[in-house]
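Residue-level structural notes
Listed here are the chains, written in short residue letters.
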Amino acid sequence: MKILIEGLHKAFESRIRLGIMSALAVNDMLDFNSLKEYLDLTDGNLASHLKALEKENFIGVKKSFVGKKPNTKYFMTTEGVQAFDDHLKGLERLIKSQK
Amino acid sequence: MKKEKDYIQDIAEIRSMMERSSKFLSLSGWAGIMAGIYALAGALAAYKIYDFNPGTIGNSINSENSSYPDLYFIVLLALIILILALGTAVYVSYRAANKREEKLWNTTSKRLLMNMTIPLIAGGILILILISKGMIAYVPPISLLFYGLALYSGGNFTYQEVRVMGLVQICLGLISSYFVEYGLIFWALGFGVIHIIYGIYMQYKYEK
């Protein structure tokens with residue numbers, strides 16, 4: 001069982017966090033509202049998942065202003081790219097091993 | 001501990017999220033079919049009512065009396081077709097987006113539009129210059145060519161088929177710039193027939 005879960009990161013157990021990482025994997029940067037629309041979440045729910053990923057150092061935050069409105073953009077860190085990649089490889093191995 | 005089924009679902013989720021967040025998929029084949037019908041009707045009207053053939057005008061650019069009395073009507077007709085086609089595309093996409101529970105104006109649609117707008121504006125300005133110089137014969141090939149470039153560059157951000165249609169339009173544009181006397185036929189082929197074929201194909205492939 002230990003070999004099977006190699007590479008699978010606990011932070012990605014949640015499908016919402018997996019979704020955030022997937023969206024950021026194919027976009028250089030995404031703002032809060034775009035992520036909210038893709039994942040169909042409430043502000044608070046999305047914010048808490050983003051915080052968790054930020055804590056793991058998987059995503060970075062860039063704050064700026066559009067006019068007077070604050071605009072927060074998220075991007076994947078190199079660490080995040082690595083972890084997400086490992087997670088995908090882990091999933092692949094897991095499914096192959098069970099065939 | 002998750003089960004195997006959950007991991008397969010995870011992968012499906014990853015795939016769908018990557019696609020949804022990088023491509024604008026609220027397009028419908030109907031937009032293509034309708035645009036094609038407008039274009040064919042317009043080309044037929046230009047040919048039947050005004051006896052318009054851009055090739056023959058281009059050949060007489062040197063003579064002073066080559067000014068074409070109905071040119072304004074042709075430009076007006078072209079504008080009406082453009083507005084109808086764009087209006088239909090926006091309306092159909094709006095409905096498709098609603099059905100997918102997405103917004104029409106989001107990151108992916110903005111990106112798609114940006115990538116199409118730049119070649120279209122460049123082509124549009126070139127066409128205005130050509131008209132002002134009396135080189136009407138080159139308007140159909142250039143419009144096909146730049147429309148094809150716009151589709152090709154926008155195709156990165158939506159269904160792959162749009163890129164293929166872009167390549168077809170580019171080829172038609174290049175061929176018709178050699179056979180300028182058949183400009184109207186090529187124009188009807190590109191904006192009419194190709195749109196309809198694309199629309200039917202998309203409708204057949206993506207809507208059950």
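Residues numbered from 1 in each chain as written. Chains lettered and ligands numbered in written order. Predicted model: local features only at pLDDT ≥ 70, side-chain atom pairs only at ≥ 80, totals over all residues. Heavy atoms only, no water.

**A few points about the overall build of chain B**
- Scanning chain B for helices and strands turns up eight helices and zero strands.
- Written out in order from the N terminus, the α and β elements of chain B read α-α-α-α-α-α-α-α.
- Its C-alpha atoms put chain B at 85 × 25 × 25 Å along the principal axes.
- In chain B, buried positions account for 44% of the 208 residues.
- When contacts within chain B are restricted to residue pairs at least 6 apart in sequence, those whose partners lie at least 24 apart make up 74%.
- Summed over its atoms, the accessible surface of chain B is roughly 12,000 Å², and 68% of this surface lies on carbon and sulfur atoms.
- Within chain B, the 13 negative side-chain charges are centred at a point lying 7 Å from the centre of the 17 positive side-chain charges. (Helix = DSSP H or I, 4+ residues; strand = E, 2+ residues; numbered from the N terminus. Buried < 20%, exposed > 50% of the residue type's maximum accessible area, 1.4 Å probe, protein only. Contact = heavy atoms within 4.5 Å. Areas by Shrake-Rupley, 256 points an atom, 1.4 Å probe, with all protein chains shown as cover. Lys, Arg positive; Asp, Glu negative; His and termini not counted. Charge placed at Lys NZ, Arg CZ, Asp CG, Glu CD.)

**Describing the interface of chain A and chain B**
- Taken together, the contacts link 24 residues of chain A with 22 residues of chain B.
- Summing both partners gives a buried area of about 2,100 Å² for chain A against chain B, and 63% of it is carried by carbon and sulfur.
- Counting the surface chain A buries against chain B, the share from its top three residues, Arg15(A), Glu37(A) and Tyr38(A), is 32%.
- There are one salt bridge connecting chain A and chain B.
- One salt bridge in this structure joins Arg15(A) and Asp10(B), with 2.8 Å as the shortest N-O distance.
- Listed by contribution, the elements that provide at least two residues to the side of chain A that touches chain B are helix H1 (15–26), helix H2 (32–39) and helix H4 (78–97) of chain A.
- Residue contributions to the side of chain A that touches chain B peak at seven residues, all from H1(A).
- Split into classes, the residues belonging to the side of chain A that touches chain B amount to 16 nonpolar, five polar and three charged. (Buried area = accessible area lost by both parts, 1.4 Å probe. Salt bridge = Lys/Arg side-chain N within 4 Å of Asp/Glu carboxyl O. Nonpolar A, V, L, I, M, F, W, Y, C, P; charged D, E, K, R; others polar.)

**A word on unusual backbone geometry**
- We note that Asp40(A) has phi near 55 degrees; this positive angle belongs to a residue other than glycine.
- Note on placement: Asp40(A) falls in the loop between H2 and helix H3 (43–55).
- Here Glu101(B), not a glycine, exhibits a phi torsion of approximately 55 degrees, which is positive.
- Of note, Glu101(B) is situated in the loop between helix H4 (71–99) and helix H5 (107–132).

**Some details on the confidence of the model for chain A**
- Per-chain confidence: chain A averages 88 in pLDDT, with 93% of residues scoring 70 or above.
- Mean pLDDT per element in chain A: H4(A) is the minimum at 90, and H3(A) is the maximum at 95. (pLDDT = per-residue confidence, 0-100.)

**Overview of the environment of Gly192(B)**
- Mapped onto the elements, Gly192(B) comes out in helix H8 (residues 183–206).
- For Gly192(B), a relative accessible area of 0% corresponds to the buried category.

**Notes on the side chain of Asn106(B)**
- Tracing the backbone shows Asn106(B) in the loop between H4 and H5.
- A polar atom in the side chain of Asn106(B) sits 3.3 Å from the backbone oxygen of Lys103(B). (Polar contact = N/O pair within 3.5 Å; in protein donor to acceptor, adjacent residues only side chain to side chain.)

**Observations concerning a nonpolar patch on the surface**
- Judged by side-chain polarity, Val75(B), Leu79(B), Leu82(B), Ile83(B) and Leu86(B) come together as a nonpolar surface patch covering roughly 460 Å² of accessible area.
- Position of Ile83(B) relative to the elements: it lies in helix H4. (Patch = residues over 30% accessible without salt bridge, like charges linked within 9 Å, V, L, I, M, F, W, Y side chains within 5 Å.)

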